Amino acid sequence: KQEVTQIPAALSVPEGENLVLNCSFTDSAIYNLQWFRQDPGKGLTSLLLIQSSQREQTSGRLNASLDKSSGRSTLYIAASQPGDSATYLCAVNTGTYKYIFGTGTRLKVLA
Amino acid sequence: GAGVSQSPSNKVTEKGKDVELRCDPISGHTALYWYRQRLGQGLEFLIYFQGNSAPDKSGLPSDRFSAERTGESVSTLTIQRTQQEDSAVYLCASSLKAGVSNEQFFGPGTRLTVL
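Residues numbered from 1 in each chain as written. Chains lettered and ligands numbered in written order. Predicted model: local features only at pLDDT ≥ 70, side-chain atom pairs only at ≥ 80, totals over all residues. Heavy atoms only, no water.

### Considering the nonpolar core
Ranked by internal contacts, the top residues of the largest apolar core, which has 23 residues, are Phe25, Leu33, Trp35, Leu75, Ile77, Tyr88 and Leu107 of chain A. If you list the elements that add at least two residues to this core, you get β3 (19-25), β4 (32-38), β5 (44-51), β7 (62-67), β8 (72-77), β9 (86-93) and β11 (105-110) of chain A. Ile26, Leu77, Ala88 and Val114 of chain B belong to the second largest nonpolar core, which has 19 residues in total. (Core = buried A, V, L, I, M, F, W, Y, C linked by side-chain atoms within 4.5 Å. Buried < 20%, exposed > 50% of the residue type's maximum accessible area, 1.4 Å probe, protein only. Helix = DSSP H or I, 4+ residues; strand = E, 2+ residues; numbered from the N terminus.)

### Details of the sheet that holds strand β8 (residues 75-79) of chain B
Strand pairs in the sheet, formed through backbone hydrogen bonds, run parallel or antiparallel to each other. Residues and elements named next belong to chain B. With respect to topology, four strands assemble into an open sheet ordered β1-β3-β8-β7, the strand pairing being antiparallel. Because the sheet does not close on itself, it has two edges, and the strands there are β1 (5-7) and β7 (65-69). On average, each strand axis in the sheet is inclined to that of its neighbour by 15°, with strand direction left out of account. Inspection of the sheet shows β1 paired to strand β3 (residues 19-24) by three bridges, in the antiparallel sense. Opposite Ser5, over in β3, you have Asp24 as the bridge partner. (Pairing = 2+ DSSP bridges. Axes fitted to C-alpha atoms, helices over the stretch in contact; angles between N-to-C directions.)

### Topic: the sheet that holds strand β6 (residues 56-59) of chain A
All names here are of chain A. Reading across from one edge, β1-β3-β8-β7-β6 is the order of the five strands in this open sheet, with antiparallel pairing throughout. The open sheet has two free edges, formed respectively by β1 (4-7) and β6, since each of these has just one partner strand. Going from strand to strand, the sheet's axes swing by 15° on average, the running direction of each strand aside. As judged from the six bridges shared by β7 and β8, these two strands associate in the antiparallel manner. Bridging across to β8, Asn63 finds its partner in Tyr76.

Below you can see the structure in the form of C-alpha coordinates.
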(Lines give C-alpha, C1' and ligand atoms only; values in the text may rest on other atoms or scores of the structure.)
Protein backbone atom coordinates (compact mmCIF):
# COMPACT_ATOMS: atom_id res chain seq x y z
CA LYS A 1 0.00 0.00 0.00
CA GLN A 2 1.41 3.36 -1.01
CA GLU A 3 2.05 5.75 1.85
CA VAL A 4 3.20 9.34 1.53
CA THR A 5 5.02 11.14 4.33
CA GLN A 6 6.00 14.77 4.58
CA ILE A 7 8.66 16.13 6.88
CA PRO A 8 8.67 18.45 8.67
CA ALA A 9 5.02 18.80 9.65
CA ALA A 10 5.56 22.49 10.36
CA LEU A 11 8.31 24.99 9.62
CA SER A 12 8.93 28.63 10.46
CA VAL A 13 11.64 30.58 8.69
CA PRO A 14 12.66 34.23 8.40
CA GLU A 15 11.91 36.03 5.16
CA GLY A 16 14.57 35.60 2.49
CA GLU A 17 15.70 32.17 3.56
CA ASN A 18 15.96 29.30 1.10
CA LEU A 19 14.16 26.18 2.29
CA VAL A 20 13.50 22.56 1.40
CA LEU A 21 10.34 20.56 2.00
CA ASN A 22 10.54 16.80 1.89
CA CYS A 23 8.16 14.16 0.61
CA SER A 24 8.75 10.41 0.73
CA PHE A 25 6.70 7.55 -0.66
CA THR A 26 6.91 3.83 0.02
CA ASP A 27 6.24 2.43 -3.47
CA SER A 28 8.57 3.71 -6.18
CA ALA A 29 6.20 2.61 -8.96
CA ILE A 30 4.62 6.00 -9.50
CA TYR A 31 3.52 7.73 -12.66
CA ASN A 32 3.82 11.27 -11.42
CA LEU A 33 4.11 13.40 -8.34
CA GLN A 34 2.45 16.75 -7.80
CA TRP A 35 3.13 19.51 -5.30
CA PHE A 36 0.21 21.64 -4.16
CA ARG A 37 -0.23 24.69 -2.00
CA GLN A 38 -3.24 25.05 0.30
CA ASP A 39 -4.18 28.33 1.91
CA PRO A 40 -6.51 28.37 4.93
CA GLY A 41 -10.12 27.99 3.86
CA LYS A 42 -9.17 27.56 0.25
CA GLY A 43 -8.65 24.72 -2.16
CA LEU A 44 -5.44 23.31 -3.52
CA THR A 45 -3.32 25.20 -6.01
CA SER A 46 -1.09 23.09 -8.20
CA LEU A 47 2.53 24.19 -8.07
CA LEU A 48 4.51 21.61 -9.99
CA LEU A 49 3.79 18.27 -11.64
CA ILE A 50 6.69 15.90 -12.22
CA GLN A 51 6.22 12.92 -14.50
CA SER A 52 8.00 9.70 -13.51
CA SER A 53 10.47 10.12 -16.37
CA GLN A 54 11.52 13.57 -15.16
CA ARG A 55 14.06 14.46 -12.49
CA GLU A 56 12.91 17.98 -11.74
CA GLN A 57 10.58 20.82 -12.60
CA THR A 58 11.01 24.53 -12.05
CA SER A 59 8.57 27.39 -11.80
CA GLY A 60 9.83 30.76 -10.70
CA ARG A 61 11.32 30.46 -7.22
CA LEU A 62 10.16 26.85 -6.91
CA ASN A 63 12.08 23.76 -7.89
CA ALA A 64 10.86 20.23 -7.34
CA SER A 65 13.03 17.18 -7.72
CA LEU A 66 12.08 13.53 -7.94
CA ASP A 67 14.14 10.46 -7.13
CA LYS A 68 11.87 7.50 -7.82
CA SER A 69 14.35 4.84 -6.82
CA SER A 70 14.73 6.24 -3.34
CA GLY A 71 11.08 7.24 -3.05
CA ARG A 72 11.77 10.90 -2.43
CA SER A 73 10.85 14.32 -3.71
CA THR A 74 11.91 17.73 -2.50
CA LEU A 75 10.39 21.14 -3.02
CA TYR A 76 12.94 23.92 -2.92
CA ILE A 77 11.71 27.46 -2.31
CA ALA A 78 14.23 30.20 -2.96
CA ALA A 79 14.22 33.58 -1.23
CA SER A 80 11.08 32.84 0.78
CA GLN A 81 8.46 35.56 1.26
CA PRO A 82 5.62 35.98 3.78
CA GLY A 83 3.21 35.28 0.92
CA ASP A 84 4.65 31.78 0.69
CA SER A 85 3.07 30.94 4.05
CA ALA A 86 0.67 28.06 3.46
CA THR A 87 0.42 24.29 3.75
CA TYR A 88 2.33 22.41 1.08
CA LEU A 89 1.06 19.00 0.03
CA CYS A 90 2.66 16.38 -2.15
CA ALA A 91 0.64 13.70 -3.89
CA VAL A 92 1.62 10.66 -5.94
CA ASN A 93 -0.24 8.96 -8.72
CA THR A 94 0.45 5.24 -8.82
CA GLY A 95 -1.06 4.57 -12.20
CA THR A 96 -4.68 5.28 -11.61
CA TYR A 97 -6.74 8.41 -11.70
CA LYS A 98 -6.49 9.19 -8.01
CA TYR A 99 -3.78 10.79 -5.99
CA ILE A 100 -2.44 9.63 -2.66
CA PHE A 101 -1.63 12.63 -0.52
CA GLY A 102 0.78 13.33 2.27
CA THR A 103 -0.39 15.18 5.38
CA GLY A 104 1.45 18.34 4.41
CA THR A 105 4.01 20.78 5.75
CA ARG A 106 2.69 24.00 7.32
CA LEU A 107 5.08 26.76 6.35
CA LYS A 108 5.24 30.15 7.99
CA VAL A 109 7.57 32.79 6.61
CA LEU A 110 8.20 35.56 9.10
CA ALA A 111 8.55 39.14 7.90
CA GLY B 1 -16.02 29.99 -14.78
CA ALA B 2 -12.28 29.85 -14.79
CA GLY B 3 -11.90 27.25 -12.08
CA VAL B 4 -13.64 24.55 -10.11
CA SER B 5 -16.34 25.94 -7.85
CA GLN B 6 -18.03 24.32 -4.87
CA SER B 7 -21.04 25.21 -2.80
CA PRO B 8 -21.73 25.83 -0.06
CA SER B 9 -18.36 26.95 1.24
CA ASN B 10 -19.42 26.09 4.77
CA LYS B 11 -22.17 23.84 6.06
CA VAL B 12 -23.14 23.24 9.66
CA THR B 13 -25.69 20.52 10.27
CA GLU B 14 -27.08 18.44 13.07
CA LYS B 15 -26.29 14.79 13.47
CA GLY B 16 -28.75 12.65 11.55
CA LYS B 17 -29.57 15.24 8.88
CA ASP B 18 -28.84 14.77 5.18
CA VAL B 19 -26.55 17.17 3.31
CA GLU B 20 -25.79 17.82 -0.34
CA LEU B 21 -22.51 19.26 -1.54
CA ARG B 22 -22.16 20.63 -5.04
CA CYS B 23 -19.23 20.80 -7.44
CA ASP B 24 -19.01 22.64 -10.74
CA PRO B 25 -15.94 21.50 -12.68
CA ILE B 26 -13.95 23.43 -15.23
CA SER B 27 -15.87 23.58 -18.49
CA GLY B 28 -14.81 20.80 -20.82
CA HIS B 29 -13.28 18.63 -18.11
CA THR B 30 -14.70 15.14 -18.43
CA ALA B 31 -13.26 13.72 -15.22
CA LEU B 32 -14.35 14.79 -11.76
CA TYR B 33 -13.07 13.65 -8.37
CA TRP B 34 -14.22 13.95 -4.77
CA TYR B 35 -11.78 13.89 -1.85
CA ARG B 36 -12.22 14.32 1.89
CA GLN B 37 -9.77 16.06 4.21
CA ARG B 38 -10.22 15.46 7.89
CA LEU B 39 -8.53 17.74 10.37
CA GLY B 40 -4.83 16.95 10.57
CA GLN B 41 -5.03 14.25 7.94
CA GLY B 42 -4.23 13.95 4.27
CA LEU B 43 -6.78 13.97 1.53
CA GLU B 44 -8.71 10.74 1.07
CA PHE B 45 -10.05 9.78 -2.33
CA LEU B 46 -13.81 9.16 -2.31
CA ILE B 47 -15.07 8.70 -5.88
CA TYR B 48 -14.38 9.76 -9.42
CA PHE B 49 -16.50 10.28 -12.53
CA GLN B 50 -15.58 9.87 -16.16
CA GLY B 51 -18.44 11.60 -17.90
CA ASN B 52 -21.53 10.76 -15.90
CA SER B 53 -20.32 7.33 -14.86
CA ALA B 54 -18.53 6.49 -11.62
CA PRO B 55 -16.19 3.58 -12.34
CA ASP B 56 -14.67 3.67 -8.88
CA LYS B 57 -16.70 4.25 -5.74
CA SER B 58 -14.31 2.34 -3.53
CA GLY B 59 -13.36 5.34 -1.46
CA LEU B 60 -16.86 6.08 -0.23
CA PRO B 61 -16.73 5.45 3.55
CA SER B 62 -20.18 3.92 3.90
CA ASP B 63 -23.49 3.47 2.14
CA ARG B 64 -24.58 6.79 3.64
CA PHE B 65 -22.41 8.45 1.00
CA SER B 66 -23.48 8.72 -2.62
CA ALA B 67 -22.66 10.93 -5.57
CA GLU B 68 -24.04 11.64 -8.98
CA ARG B 69 -23.08 13.69 -11.97
CA THR B 70 -25.31 15.00 -14.71
CA GLY B 71 -24.67 16.49 -18.12
CA GLU B 72 -20.99 15.68 -17.73
CA SER B 73 -20.89 18.79 -15.60
CA VAL B 74 -22.12 19.43 -12.09
CA SER B 75 -21.75 16.75 -9.43
CA THR B 76 -23.50 16.35 -6.10
CA LEU B 77 -22.12 14.45 -3.12
CA THR B 78 -24.87 13.43 -0.71
CA ILE B 79 -24.32 12.31 2.86
CA GLN B 80 -27.34 10.80 4.55
CA ARG B 81 -27.87 10.63 8.31
CA THR B 82 -24.71 12.60 8.98
CA GLN B 83 -22.43 11.60 11.83
CA GLN B 84 -19.87 13.68 13.70
CA GLU B 85 -17.04 11.76 12.05
CA ASP B 86 -18.26 13.09 8.70
CA SER B 87 -16.99 16.53 9.70
CA ALA B 88 -14.27 17.42 7.21
CA VAL B 89 -13.46 19.55 4.21
CA TYR B 90 -14.80 17.97 1.04
CA LEU B 91 -12.77 18.87 -2.02
CA CYS B 92 -13.71 18.42 -5.63
CA ALA B 93 -11.27 18.33 -8.54
CA SER B 94 -11.56 18.01 -12.28
CA SER B 95 -9.26 17.12 -15.16
CA LEU B 96 -9.55 17.02 -18.92
CA LYS B 97 -9.98 13.28 -18.68
CA ALA B 98 -9.14 10.57 -16.20
CA GLY B 99 -5.64 9.30 -16.53
CA VAL B 100 -2.19 9.43 -15.06
CA SER B 101 -0.97 12.32 -17.17
CA ASN B 102 -3.91 14.59 -16.54
CA GLU B 103 -3.40 17.28 -13.94
CA GLN B 104 -6.22 17.67 -11.44
CA PHE B 105 -7.49 21.14 -10.59
CA PHE B 106 -9.09 21.59 -7.21
CA GLY B 107 -11.97 23.69 -5.96
CA PRO B 108 -11.99 25.65 -2.68
CA GLY B 109 -13.81 22.90 -0.81
CA THR B 110 -16.86 22.70 1.42
CA ARG B 111 -16.23 22.67 5.14
CA LEU B 112 -18.81 20.40 6.76
CA THR B 113 -19.38 20.50 10.49
CA VAL B 114 -21.73 17.96 12.05
CA LEU B 115 -22.83 18.91 15.54
